[in-house]
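# Per-entry structural report
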Amino acid sequence: MQWRSLWWKIKKILKLKIDGPFFNSAFNIIFKRRKLVEHLYFEVIGACQYNCTSCSHEELRFQFRSFQLSIEEIKNFLHFTEKSNYHIHRLEIHGPGEPLLWKGFNDGVKMLKESGRISKIIVITNGLLLKNIKDETWKYIFQLRISLYPMSDILGSIKEKQKKFGRKIKVNKIDQFDRVPEERHENTTPCQCACPGPMFLKDRIILFCGPPGIHAAKLAGVDIINDPEMSEALGVNYLSRLDQNKIGKLKICEYCWANCNIKKEDIPVVSVKPNRVAAANSEVKQVAS
Ligand code: SF4
Ligand code: SF4
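Predicted model, so just to flag it, every value in this text is computed and none were measured. (Residues numbered from 1 in each chain as written. Chains lettered and ligands numbered in written order. Predicted model: local features only at pLDDT ≥ 70, side-chain atom pairs only at ≥ 80, totals over all residues.)

### Some remarks on unusual backbone geometry
Cis geometry is found at the peptide bond from threonine 189 to proline 190, where omega equals -5 degrees. Of note, proline 190 is situated in the loop between strand S6 (176–178) and strand S7 (199–201). Of note, the bond from glycine 197 into proline 198 is cis; its omega dihedral lies within 30 degrees of zero at 10 degrees. Among the structural elements, proline 198 can be located in the loop between S6 and S7. (Helix = DSSP H or I, 4+ residues; strand = E, 2+ residues; numbered from the N terminus.)

Right, dumping it as structure tokens:
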């Protein structure tokens, strides 16, 4: 029997809640000598029902608007994660569009969790399609974070799910967004970054940035998805060049929504204006069918 599945069984029998980075890393160092990856953004779909004003994912959604991560691409990711002997503590599925529009959601989440390479799967959603999560999938999800916008009429369906899966659901009421920068904000680095990478994107790893970095890079005239300094093709040891010291110190940070120094400046917040323009797009109709 594999040590990891034995550990899961012991935890289940004793109802242990031990699942923090300390125990994971201790377990993996002792039994598997795995390399612990604290956090990874995992991008699955470009489409979203909304098209919010000041969506910080907008540029990535635009560039990947027909994208849906395939099961083959997940297998590829898990293959190289295994070959690299990585163990991911927190994997966040958050877009860049709406994860519950992703056709592979139920199979993909199951496959990721059953790989034994991921401790916690966290899903961030606008909550419009909670019905798309199969009951049996909830056991693979550590937490579902719902961004509740003023125009969303979903309290009924949230309450229904909370009755069954209450402690797994977290609701964040969002009335305002920070405005996405449209120009450079000089002398705002080094900064604390509100959305640091690494981020898995189809067959590449963006090393230092989450989705806001794509918009920042575009303003700065840099193609970080293909830039060999900023990203890496998926392969063995795909995170070997990840240097935490570079996060918040890049040139493009001066253009970025996730730069906390820019957030503190006098950039006005804007009201959340979800509109259903995107729902008219064929790719949303297609994935929702
Ligand atoms: S719900 Fe709005 S903020 Fe969230 S990904 Fe869609 S467009 Fe962006
Ligand atoms: S550009 Fe800088 S602030 Fe923006 S996501 Fe990347 S590291 Fe963070």
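There is more to say after this.
### Overview of helix H4 (residues 71–83)
Helix length check: H4, at 13 residues, gives a terminal C-alpha distance of 18 Å against a target of 18 Å (1.5 Å per residue), a fit within 8%. Within H4, burial applies to Ile74, Phe77 and Thr81. The arc that holds every buried residue of H4, seen down its axis, measures 60 degrees, which confines them to one face. Exposed residues on H4 whose side chains face more than 90 degrees from its buried face are Glu72, Lys75 and Lys83. Tucked into the core, H4 has its buried residues touching strand S2 (86–96), helix H5 (105–114) and S7. Immediately beyond the C-terminal end of H4, within one or two residues, lies asparagine 85, with a positive phi of roughly 60 degrees. (Expected span 1.5 Å × (residues − 1). Buried ≥ 20, exposed ≤ 12 C-beta atoms within 10 Å, placed from the backbone. Arc of directions from axis to C-beta. Contact = placed C-beta atoms within 7 Å.)

### Side note on the site of ligand 1
Taken together, 11 residues lie near ligand 1, and Cys48, Tyr50, Cys52, Cys55 and Asn126 sit nearest. Class assignment for the residues of the shell around ligand 1 results in 5 nonpolar, 5 polar and 1 charged. (Near = placed C-beta within 6 Å. Nonpolar A, V, L, I, M, F, W, Y, C, P; charged D, E, K, R; others polar.)

### Points about the pairing of strand S5 (residues 169–173)
The buried count for S5 comes to 0 of 5 residues, which makes it a mostly uncovered element. Across 5 bridges, the pairing between strand S4 (residues 143–148) and S5 is parallel. Looking at S5, one finds that leucine 144 is bridged to isoleucine 169. Tracing the backbone out of S4, into helix H6 (residues 155–165) and back to the parallel element S5 gives a crossover that is right-handed. (Pairing = 2+ DSSP bridges. Right-handed = clockwise from strand over helix to strand, strands pointing away.)

### Quick look at the site of ligand 2
Taken together, 18 residues lie near ligand 2, and Cys193, Cys209, Gly213, Cys253 and Cys256 sit nearest. Taken together, the residues of the shell around ligand 2 sort by class into 14 nonpolar, 4 polar and no charged.

### Quick look at the nonpolar core
The nonpolar side chains of a soluble globular protein tend to be buried with one another. By size, the foremost hydrophobic cluster in this structure holds 60 residues, and its most contacted members are Leu91, Phe200, Ile206 and Cys256. No other element matches strand S1 (residues 35–45), which puts 6 residues into this core. Counting contributing residues per domain, this core is built from domain 1 (33–177 + 273–289) and domain 2 (180–267), each supplying no fewer than three. When sequence neighbours within four positions are dropped, the list of residues in contact with isoleucine 206 reads Gly197, Pro198, Met199, Leu201, Gly213, Ile224, Ile225, Met230 and Ser231. (Core = buried A, V, L, I, M, F, W, Y, C linked by C-beta atoms within 7 Å. Domains from an automatic or database assignment.)

### Notes on the sheet that holds S4
Reading across from one edge, S5-S4-S3-S2-S1-S7-S8-S9 is the order of the 8 strands in this open sheet, with mixed pairing throughout. Each edge of the open sheet is held by one strand with a lone partner, namely S5 and strand S9 (231–233). Direction aside, the axes of adjacent strands within the sheet are offset by 25 degrees on average. Alignment of S1 against S7, held across 3 bridges, turns out to be parallel. (Axes fitted to C-alpha atoms, helices over the stretch in contact; angles between N-to-C directions.)

Purely spatial values, then, with no claim about function.
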